[in-house]
Amino acid sequence: MPPTQTQLTVQNIRKSFPGKGGDVNVLDDLSFSINERDFVSIIGPSGCGKTTIFNIIAGLLEPDDGTITYRGQEIDSLRGRVGYMMQKDLLFPWRTVLGNVLLGLETRGVDPKEAEAKAREYLKQFGLAGFENAYPKMLSGGMRQRVALIRTLIMDPDILLLDEPFSALDYQTRLYLEGVLKDAVQTYNKTVILVTHDIDEAVALSKRVVVLSGRPARVKVVHEIDIDASSPVTARNDAKFSTYFKTLCAELDIQTEKT
Amino acid sequence: MTMTIQSSAPVRTAPKLRRKPKRSAFDTVLGRAVLQVLAIAVFFALWEIGVRAGYVSAFLMGSPSGIFAMFYKLILSGELLSDSWYTLFEAILGFIIGTIFGSLLGLALWYSVFVAKLVEPFIVAINSVPKIALAPIVVLWFGTGLISKVALAVSLTALVALIAAYQAAKDADVDLQSLMISMGADKHQIFFKAVVPSTLPSIIATFRINIGFGLVGAVVGEFISSQRGLGHMIFTASSLYDLDSVWVGLFTLMIMGFILYYVIDIIERTSLPWKQATTSHQVQV
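Computed from a predicted model, the values in this text were never measured in an experiment.

A. Highlighting the overall build of chain A. Helix and strand counts for chain A come out as 9 helices and 10 strands. At 19 Å, chain A has a C-alpha radius of gyration in line with the 18 Å of a compact globule built from 259 residues. Oriented by its inertia axes, the alpha-carbon framework of chain A measures out at about 50 × 45 × 45 Å. Residues counted as buried form 43% of the 259 residues belonging to chain A.

B. Examining the environment of Ala151(B) more closely. Turning to its location among the elements, Ala151(B) is positioned in helix 7 (residues 146–171). Setting aside residues up to four positions removed in sequence, Ala151(B) forms contacts with Val138(B) and Phe142(B).

C. Structural context of the confidence of the model for chain B. All names here are of chain B. When the pLDDT values of chain B are averaged, the result is 87; 89% of them are 70 or greater. The element-level mean pLDDT for chain B is lowest in helix 12 (residues 273–276), coming to 81, with helix 4 (residues 79–108) highest at 95. This model gives residues 1–11 a pLDDT under 50, and the stretch forms 11 contacts once residues within four places in sequence are excluded. This model gives residues 280–285 a pLDDT under 50, and the stretch forms 16 contacts once residues within four places in sequence are excluded. Here the complex is predicted with pTM 0.81, and the ipTM for its interfaces comes to 0.87.

D. Quick peek at the sheet that holds strand 10 (residues 219–224) of chain A. Residues and elements named next belong to chain A. With respect to topology, 6 strands assemble into an open sheet ordered 6-7-8-3-9-10, the strand pairing being mixed. In this open sheet, the two edge strands, each paired with only one partner strand, are strand 6 (82–85) and strand 10. Put simply, the sheet's adjacent strands are angled 15° from each other on average, direction ignored. Two strands pair when backbone bridges link them, and strand 3 (residues 39–43) and strand 9 (residues 208–212) are joined in this way by 4 bridges, in the parallel orientation. When the sheet's bridge partners are listed, Val40 is paired in strand 9 with Arg208. Relative to the sheet, helix 8 (residues 241–251) contacts strand 3, strand 9 and strand 10, its axis offset from that of strand 10 by approximately 175°.

E. Quick peek at helix 1 (residues 50–58) of chain A. Residue and element names in this part refer to chain A. Counted residue by residue, helix 1 has 8 buried out of 9 residues, so it is predominantly covered. Every buried residue belonging to helix 1 is among Lys50, Thr52, Ile53, Phe54, Asn55, Ile56, Ile57 and Ala58, and all of these are buried. Gly59, located one to two residues past helix 1, shows a positive phi value of around 85°.

F. Structural detail: unusual backbone geometry. One non-glycine residue with positive phi stands out, namely Arg37(A), at about 55°. On the secondary structure map, Arg37(A) appears in the loop between strand 2 (22–35) and strand 3. In this structure, Tyr241(B) takes a positive phi of about 55° despite not being glycine. By the secondary structure assignment, Tyr241(B) is in the loop between helix 10 (230–239) and helix 11 (243–271). Taking the C-beta count within 10 Å as the criterion, Tyr241(B) has 11 such neighbours and is therefore assigned exposed.

G. Inspection of the pairing of strand 4 (residues 65–70) of chain A at higher detail. Residues and elements named next belong to chain A. Sheet analysis places strand 1 (residues 6–19) next to strand 4, joined by 5 bridges and oriented antiparallel. Each residue of the ladder has a partner; that of Arg14, found in strand 4, is Asp65. As paired elements, strand 4 and strand 5 (residues 73–75) share 3 bridges and run antiparallel to each other. Paired with Tyr70 across the strands is Gln73, a residue of strand 5. Here strand 4 hands over to strand 5 after 2 residues, with Arg71 in that stretch at a positive phi of 45°.

H. Quick look at the packing of helix 4 (residues 141–153) of chain A against helix 5 (residues 171–187) of chain A. Residue and element names in this part refer to chain A. Where helix 4 meets helix 5, the axes come as close as 10 Å, and the angle between the chain directions of the two elements is 15°. As far as their axial angle goes, helix 5 and helix 4 are roughly parallel. Seen along the crossing, helix 4 lies across helix 5 with a hand that is right-handed. Side by side, helix 4 and helix 5 meet where Gly141, Gly142, Gln145, Arg146, Leu149 and Leu153 of the first sit next to Thr173, Tyr176, Leu177, Val180, Leu181 and Ala184 of the second.

I. Geometry of the sheet that holds strand 2 of chain A. All names here are of chain A. With antiparallel pairing, 4 strands are arranged side by side in an open sheet as 2-1-4-5. Since the sheet does not close on itself, it has two edges, and those belong to strand 2 and strand 5, each with one partner. Direction aside, the axes of adjacent strands within the sheet are offset by 30° on average.

J. Representation of the nonpolar core within the structure. Residues Leu161(A), Ala153(B) and Ala165(B) are the most contacted members of the largest nonpolar core, which totals 131 residues. Once you skip the residues sitting within four places of it in the chain, Leu161(A) turns out to touch Phe54(A), Ile57(A), Ala58(A), Val82(A), Gly83(A), Tyr84(A) and Ile193(A).

Here is what the cut-offs are and how they apply
- Residues numbered from 1 in each chain as written.
- Chains lettered and ligands numbered in written order.
- Predicted model: local features only at pLDDT ≥ 70, side-chain atom pairs only at ≥ 80, totals over all residues.
- Helix = DSSP H or I, 4+ residues; strand = E, 2+ residues; numbered from the N terminus.
- Rg over C-alpha atoms; globule rule 2.2 N^0.38 Å.
- Buried ≥ 20, exposed ≤ 12 C-beta atoms within 10 Å, placed from the backbone.
- Contact = placed C-beta atoms within 7 Å.
- pLDDT = per-residue confidence, 0-100.
- Pairing = 2+ DSSP bridges.
- Axes fitted to C-alpha atoms, helices over the stretch in contact; angles between N-to-C directions.
- Parallel < 35°, antiparallel > 145°, perpendicular 65-115°, else oblique.
- Left-handed = near helix turned anticlockwise from the far one by under 90°.
- Core = buried A, V, L, I, M, F, W, Y, C linked by C-beta atoms within 7 Å.

Printed below as a string of structure tokens:
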């Protein structure tokens, strides 16, 4: 195995938003780095600015201060090179499943015939053959999110930014899609940053878990997750799983908050 | 406990138990049509009886028999048809130009928040003028022919479309736009792929109102000054106390509006198939 190399570094990022009583510091001097083919989960108290980090990396927001370095080069953002997936599936209701999957390729100006062939192949691979012409409205939540995942993967993004992608789904569907995600990430050699408030999901999927402190967000601790499981379901049965789970709960002060 | 997840096996949800509501014998398409036709027949019969018995003045109100006779006569002479076509043409032309022009302008305002904010009070001000009040000037400017009626219809429809399109563009889902930005899309791509399609339902919804406004513009324009059209026919007939002809004109306008309404209805239903996609055949993972 090649030595782990840093793919993305976020350094000293600051971001504040104007609020009622003056500016609200959401990110204050936040730094972390992501390795090549890493699977990092970011967990932290709700409202600590996890989505803001993603918006900055994706180029939807400009940081007040700080640098982003990608494979040794300083960049403004990874706009156009990330696959952003959110809690809402954000499928375009007027586009069919095929049309939705094609969105990114169209935007990039890929030859339509080539794009369509690729899209059909991806849909087949993810068990959605036969649904090409269905509208999102006709699909279940799990299927919609699967379409959103395909739309993200087909762009061949450098990094997947997943912002609580499964939190709106029922547990069974979530477990299933976690498996689909993990397989896809392995097949396509992707780097993933996953924002979640589901500790269980973070441990089951990740190689590393970054715990953020409350607002303004700072990296509190980074945990290496050393579970070698074939699927998120078997990961949950690993002996080390509950230890990680308890440690992370403690990091998030879940125990103390209750008493 | 080990758990296996069946991946793509379809999960069937139990069919919903539907309680059949009690329906009366007339609550079918045919039954309702019978009742509706019956209501019209009764209305005309009472009117006719009222006129014959001397309770209703035929001079001021006209009479159904007179109306039908006049209708027959005007159809045979071809006058009614040519007047109808003329008015219909003005209304539809005004509707199309006004709706397209207004929608495009409203959508274009999405491009610049600055310009949009700048012109917003002007749009509100112009919209608050009853456009019908413009009719005399419009006739002065555009003459007594076709163009003045179309212009009037445009003035009525364009602002409705503009405001609806602008509002819908403003309300277009920001998350979809963010997603496109993260994909590296530029402003034009976001406009054409995310904003415009999401405004279509609102724009199409204005068709229903605007087709009526198109007719209003055409008829009012004809009232002011014209040689043809249903508005002209109604106006001249009423100044001659020819109430039967007035009613023929009014009923023809009614039928015209009625047909246009359903044409728009069909356009609305067929142009947005994704809205029609029913959730009843929902498919599960």
